[in-house]
Amino acid sequence: MKKNTLVIVESPSKAKTIEKYLGPGYKVMSSIGHVRDLPKSNTDAVDTEHGFVPTYIVSPGKNKVIAGLRAAAKSADEVLLASDPDREGEAIAWHVAELIKDQNDNLKRVVFHEITEEAVKNAIAHPRDLDLNLKEAQEARRVLDRLVGYDLSGLIWKKVRYGLSAGRVQSPALRIVMERERLIREFIPEAFFVLTAETLTPQKTPLTLVCSEEPKERSEAERIERVGKKHPWAVAAITESEQARLPRAPFTTSTLQQTASTRLGFSPSRTMGAAQKLYEAGHITYMRTDSTTLSATAQKDMIALIAKEFGKDYVSPRQYKTKSKSAQEAHEAIRPTRAFTRSAGSTADQKALYELIWGRAIASQMREARTLRTKVSGNVTGTSEAIPNFEVHGSRIIDEGWLRADPRARGEEVEVPKLKVGDPLSLTALSIEDKFTQPPSRYTEAGLIKELEKRGIGRPSTYASIMNTITERGYVVKEGRTLIPTATGDVVSTFLEQHFADYISDTFTSEMEDELDEIAEGKRTYVKTLEDFYRPFQKAVASKESIEKLTNLGPGPKKFPCPKCGSTMVIKLGKSGTFLSCDRFPDCDGARLIDGSEVKPEEPIGLHPETQEPIFVMNGKYGPYLQLGLTPEKVKKVKGKKTPKVEAVPPPRRAALPPSVDPSTVTLEQAIMFLKLPRTLGEHPDTGEPVVANTGKFGPYIAHAGDYRSLKGADNPYDITFERALTIFKEPKKMRKGEKLLKELGVNPTTKKMVNVFESKSGRYLKKGFRRISIPDEVKTEDITIELAMSLLKGGR
């Protein structure tokens, strides 16, 4: 009798790839990421008094998915849990098993590090039991992060400002950024001088030489200049040396993120998103790994490719020693699953990332490249007045070696003219340039990931989320690739460093990662790890309950006295960042912006002719805007006293100023027109949701339940009618080439936006911004509901 096997993975696209490799008798379904998680309420999440037992609830929108898995498990002879080969994947497999084991207890775990036919079939042939050590390591991390995050964040809300947060790993990362920022602030630049000599060789070839010393005194720079201009020049020395350039190891998660940032300009999350898709499509090995090892089979294929494409003399097999103390996430480096496939991926991002991965992996098995480095030194002749040599450095590749597979790693080549010692040089110019020493550079995302890995903070699966968290929390802002800490980030980090230095230190955070590794290896227990950490931590948090609220961040500049009473000012943190406040507050409410400009009450530009309310031009977090009427005063809560009930006052009407309008030149007539927006034209007859006319970053538009239509030609948001808007919405929305609308699901009850099912050559999908979320083949279009769509859109892990 033929066996009926159910294979459960966590990703719909992964399910689709695997199903191609398994024949009749196998059914592949997806859990669509995690099926259970801790509840949002911390009081219900973890029982800290009885073994730190977590309470799990079914993830929102997953009931129908779970019902489908349970029904399929009931009719199957065996169930194989095939989620990703790391702790997170093991945890997903365990949660799925817990939910379906009453339907089928013949459950086994299968693991593969690449989604190829050979790897998948080999894994299916060698199932194992669930590894509870790996599951407990993931659970310990999740519980620790929850306990630390909630306890620290709660204290920061009380002592700094409501809405701020801290975390076990994000806070050490923020501290590292702030430590660098303080070095930059404390840095005192020192002057130095760079001397450059423009010369001509005997063949009249221009040759620029730079002084090998950088004098700190102008008098010395001027002496060198004077001597240089007074005497003839010649080649004083030539040195040449060959240097070998060894290929780098194949990528780990962190080195892939770093290189993709520097070469492709990708953020860590963008890199991991593209890598995830490449893995699920079977193009690369698992992308969360600390290891630089290559399997014997993979190495053999790469050597065959190198011999065929570049020649046998380019082959130089080598294995790289993994630097990480605990390369537990996977057994191999990130590499192409098929060495002979030069290009793969369905998007530009995926193709660019695959090219990077292929080049690094193939190059790692090739012979070294050789570079000829040349240094030509010039100096004055015929004088006893000594000056430093002036030099030029050249570099050229004389044997490409591994660079043939990874040409973007070549770097810049500088050719130096053929010369010999004693050749005369004609000086055409000699200049002095004033320069100043520079402070240390701020971290980029790639640089911070490298630093975190070096210090043992975090693991491959956490780097991208750390970067996202400190950015989304508003603790750092990105300018280009540079991470710049904000005033809020400064305050939060300073507070934690003052009161919880031990818990956000490199040593503590790194040792905690090691303890989690030991749980995964079965060398340490879950309960002991949490007990040893949480009891002292709980006491440390409780001991800070009595400290005063951090209202002042230090004295303000003496040159900016209080504009009202003349007293000194202090720096405070507000919702929009830092500002200067009178040190006599609340007796005096004088305030200035952080640049010293006085904060004055807004002056209205006029009164609205219909309501007689004042109209203000104001500046907010998202830029300049108009406000109709005064901002209502908030009722202040007094500790220990019951706050009287006050009838809610609606907020004043506001409208963003168009980007093309200068706030300082806005007229009353313009303001009245702009304040018409956003206009609610009416309720859509099909959904009951409002139809709105407005203008935004990309120009005027109308919107209904997440369906946005640009207004063009004679249509404008200030006078478009409800009937005209409905006519526009009836017109088919422009689709991308090859795209087809399959089903309108209706309005998401949470976001109030329309959700639709689309289809193209790549299959069916839901849209979330510019992302496409694949719909599992086992889910029929007619069965897709808003609830399931919400679950799919959350997607992943």
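Residues numbered from 1 in each chain as written. Predicted model: local features only at pLDDT ≥ 70, side-chain atom pairs only at ≥ 80, totals over all residues. Heavy atoms only, no water.

(A) Quick look at the overall build of the chain. Helix and strand counts for the chain stand at 20 helices and 31 strands. With the principal axes as the frame, the chain shows a C-alpha extent of 95 × 90 × 65 Å. In the chain, the proportion of contacts linking residues at least 24 apart, taken out of those at least 6 apart, comes to 65%. When the accessible area of the chain is evaluated, it comes to approximately 41,400 Å², of which 52% is carbon and sulfur surface. (Helix = DSSP H or I, 4+ residues; strand = E, 2+ residues; numbered from the N terminus. Contact = heavy atoms within 4.5 Å. Areas by Shrake-Rupley, 256 points an atom, 1.4 Å probe, with all protein chains shown as cover.)

(B) Representation of the pattern of salt bridges within the structure. By the definition in use, this model includes 52 salt bridges. One salt bridge connects Arg 442 with Glu 181, and the closest N-O pair in it is separated by 2.8 Å. With Arg 442 in the loop between β14 (424-436) and α13 (445-455) and Glu 181 in helix α7 (residues 170-186), the pair connects residues that are 261 residues apart, well separated along the chain. The salt bridge partner of Asp 406 is Arg 263, with a shortest N-O separation of 3.0 Å. One end of the pair, Asp 406, is in the loop between β13 (390-399) and β14; the other, Arg 263, is in helix α9 (residues 253-264), with 143 residues separating them in the sequence. Judged by its relative accessible area of 8%, Asp 406 is buried. For Arg 263, a relative accessible area of 22% corresponds to the partly exposed category. Salt bridges sharing partners connect three or more residues here, namely Arg 175, Glu 179, Glu 451, Arg 455 and Asp 506. (Salt bridge = Lys/Arg side-chain N within 4 Å of Asp/Glu carboxyl O. Buried < 20%, exposed > 50% of the residue type's maximum accessible area, 1.4 Å probe, protein only.)

(C) Broad picture of the nonpolar core. Membership of the largest hydrophobic core comes to 56 residues, with the highest contact counts inside it found for Leu 448, Leu 452, Leu 496 and Phe 500. For this core, the secondary structure elements donating two or more residues are α6 (132-159), α7, α13, α14 (463-472), α15 (487-499), α16 (506-520) and α17 (526-543). The element contributing the most residues to this core is α6, with ten residues. When residues no more than four places from it in sequence are discounted, the contact partners of Leu 452 are Ala 173, Ile 176, Ile 457, Tyr 463, Ile 466 and Met 467. Counting 54 residues, the second largest nonpolar core, distinct from the first, contains Leu 22, Phe 266, Met 287 and Ala 361. (Core = buried A, V, L, I, M, F, W, Y, C linked by side-chain atoms within 4.5 Å.)

(D) Local environment of the environment of Arg 654. Topologically, Arg 654 is positioned in strand β23 (residues 653-656). Arg 654 sits in the partly exposed class, given a relative accessible area of 37%. Considering only alpha carbons, one finds Arg 654 and Leu 626, 28 residues apart in sequence, at a separation of 5.4 Å. Leaving out residues up to four positions away in the same chain, Arg 654 has contacts with Tyr 625, Leu 626, Gln 627, Thr 631, Leu 675, Leu 677 and Pro 678. Polar side-chain contacts of Arg 654 include one of 2.8 Å to the side chain of Gln 627. (Polar contact = N/O pair within 3.5 Å; in protein donor to acceptor, adjacent residues only side chain to side chain.)

(E) Highlighting the packing of α9 against α13. Contact pair α9 / α13: the axes reach a minimum separation of 8 Å and the direction vectors enclose 160°. Judged by the inter-axis angle, α9 sits roughly antiparallel to α13. The way α9 lies across α13 gives a crossing that is left-handed. On the side of α9, the interface is formed by Ser 254, Gln 257, Gln 258 and Ser 261, while α13 contributes Ala 446, Ile 449, Lys 450 and Glu 453. In terms of residue class, the contact of α9 with α13 is built from two nonpolar, four polar and two charged. (Axes fitted to C-alpha atoms, helices over the stretch in contact; angles between N-to-C directions. Parallel < 35°, antiparallel > 145°, perpendicular 65-115°, else oblique. Left-handed = near helix turned anticlockwise from the far one by under 90°. Nonpolar A, V, L, I, M, F, W, Y, C, P; charged D, E, K, R; others polar.)

(F) Seen up close, the packing of helix α11 (residues 296-309) against helix α12 (residues 348-363). Their axes nearest at 10 Å, the elements α11 and α12 cross at an angle of 90°. Between α11 and α12, the interaxial angle falls into the category roughly perpendicular. Judged by residue contacts, Met 302, Leu 305 and Ile 306 of α11 engage Trp 358, Ala 361 and Ile 362 from α12. Taken together, the residues of the contact of α11 with α12 sort by class into six nonpolar, no polar and no charged.

(G) Structural context of the packing of aromatic side chains. For the structure shown, the criterion picks out 14 aromatic pairs. Both rings, one in Tyr 503 and one in Phe 537, keep their centres 5.1 Å apart while their planes meet at 70°; by these two values the pair is edge-to-face. Of this pair, Tyr 503 sits in the loop between α15 and α16 while Phe 537 sits in helix α17; the two residues are 34 residues apart in sequence, bridging distant segments of the chain. Assessed through its relative accessible area of 18%, Tyr 503 is described here as buried. (Phe/Tyr/Trp six-rings, centres within 6.5 Å; stacked < 30°, edge-to-face > 60°.)

(H) The sheet that holds strand β19 (residues 591-593), seen in detail. The strand order β17-β18-β19 describes an open sheet built from three strands, whose pairing is antiparallel. Edge positions in the sheet fall to β17 (569-574) and β19, since each has one partner strand and no second. Going from strand to strand, the sheet's axes swing by 35° on average, the running direction of each strand aside. The pairing of β17 with strand β18 (residues 577-582) spans six bridges and is classified as antiparallel. By the bridge assignment for β18, Lys 572 is matched with Phe 579. (Pairing = 2+ DSSP bridges.)

(I) Fine view of the side chain of Thr 5. Structurally, Thr 5 can be placed in strand β1 (residues 5-9). Excluding residues within four positions of it along the chain, Thr 5 makes contact with Gly 25, Tyr 26, Lys 27, Glu 78 and Leu 80.

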